[in-house]
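Below, each chain spelled out in residue letters.
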Amino acid sequence: MRHPPFTVILAFRLRPMLPALLAAVMALAGCAELEQLAPTPVPVAPGAEGERASVIRVIDGDTIDVRLGGETYRVRYIGIDTPERDEQCYSEATAANTALVQGQTVALVRDVSHTDVHGRLLRYVYVGEVFVNAELVADGYAESRAYPPDTAQQRYLDSLERAAKAAGRGCYPTGVFD
C-alpha cells in the first residue's frame, strides 16, 4: 500500500492552523490592521457523518422538506435566517435556495440540537462540496444568525455575512436585514 508523501500529510495537518499563523505573522510584521484579510477556514464537506437525503420541496429560503430513510422530514438550516413571507426579498431568497437544492441529494450535518421547538430537523446542508447555508449568506440571501447551542459554523457564517453586506449582494440593498 502506498502512502501519501510527507509534505501532503504535513500540509493537511497544518491547514486548520493557517489563518492563525497568517494573523500572527501579520501582527509581528506590523500589519495587524490587515488581519481582516486573513482567509476564513472553509468547513470541510461532510463525509460519513452526514445523513443523505433527497430534497422533495423547498419551503422558503432556509427550510426544506427531505426524504430520509423512507420518511419525510422538515429541515431548518442552522446558523442563518432568510426573509419571511411578508418581508422584502422573500421570493429571491426562496428562489436562491431552490436553485441550490431542489431535486438534489443533500448531506445533512447535525450540530448539537436534533430538532427545534417546531419539530424541524436542525442541520447544516451540503450539496456535494457546496455548503448551502454558507452559500446563501455569501450571496446575500440570508443573514448569519446564531441559535445557541448550534454555533459550530457561526464565525465562518459571520465572516461571509460581513463580506456580502459590504458588497451589497442579494437582499442587502433592500434593508431587510437591518
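Keep in mind the model is a prediction, meaning the values are calculated, not measured.

K.L.:
Before we go on, may I ask you to explain the side chain of Ser144 in this structure?
P.N.:
Locating Ser144 in the fold gives a position in strand β8 (residues 143-144). In this structure Ser144 comes out as buried when scored by relative accessible area, which is 9%. A distance of 2.7 Å separates the side chain of Ser144 from the side chain of Gln154, its partner in a polar contact. Here the side chain of Ser144 touches Asp158 through a polar contact of 2.5 Å, side chain to side chain.

K.L.:
Help me understand the nonpolar core, please; the structure alone is not making it clear to me.
P.N.:
Most often, soluble globular proteins keep nonpolar side chains buried together rather than apart. Counting 32 residues, the largest nonpolar core has Ile64, Val66, Tyr77, Val101 and Val106 as the members making the most contacts within it. In terms of residues, this core owes the most to one element, strand β6 (residues 121-127), which gives six residues. The contact partners of Ile64, leaving out residues within four places of it in the chain, are Val55, Arg57, Val58, Ile59, Tyr73, Arg74, Val75, Tyr77, Asn97 and Val101. Judged by nonpolar contacts, the second largest core, of six residues, contains Cys89, Tyr172, Val176 and Phe177.

K.L.:
Teacher, can you tell me more about unusual backbone geometry here?
P.N.:
As a rule of thumb, non-glycine residues mostly have phi less than zero, and peptide bonds are mostly trans rather than cis. The residue after Pro148, namely Pro149, is reached through a cis peptide bond having omega 10°. Positionally, Pro149 belongs in the loop between β8 and α5 (154-167). Its identity as a non-glycine residue notwithstanding, Cys89 has a phi of 75°, on the positive side.

K.L.:
What exactly am I supposed to notice about the state of the cysteines here?
P.N.:
Evaluated as defined, the whole model comprises one disulfide. Disulfide pairing places Cys89 opposite Cys171 at an S-S distance of 2.0 Å. Across the S-S bond linking Cys89 and Cys171, the dihedral sits near -80°, which makes this disulfide left-handed. Pair noted here: Cys89 is in the loop between β4 (80-81) and α3 (90-101) and Cys171 is in the segment after α5, with a separation of 82 residues, a long-range link. A single burial state applies to Cys89 and to Cys171, both of which are buried.

Cut-offs applied
- Residues numbered from 1 in each chain as written.
- Predicted model: local features only at pLDDT ≥ 70, side-chain atom pairs only at ≥ 80, totals over all residues.
- Heavy atoms only, no water.
- Helix = DSSP H or I, 4+ residues; strand = E, 2+ residues; numbered from the N terminus.
- Buried < 20%, exposed > 50% of the residue type's maximum accessible area, 1.4 Å probe, protein only.
- Polar contact = N/O pair within 3.5 Å; in protein donor to acceptor, adjacent residues only side chain to side chain.
- Core = buried A, V, L, I, M, F, W, Y, C linked by side-chain atoms within 4.5 Å.
- Contact = heavy atoms within 4.5 Å.
- Disulfide = S-S within 2.5 Å.

Just geometry here; none of it tells us what the structure is for.
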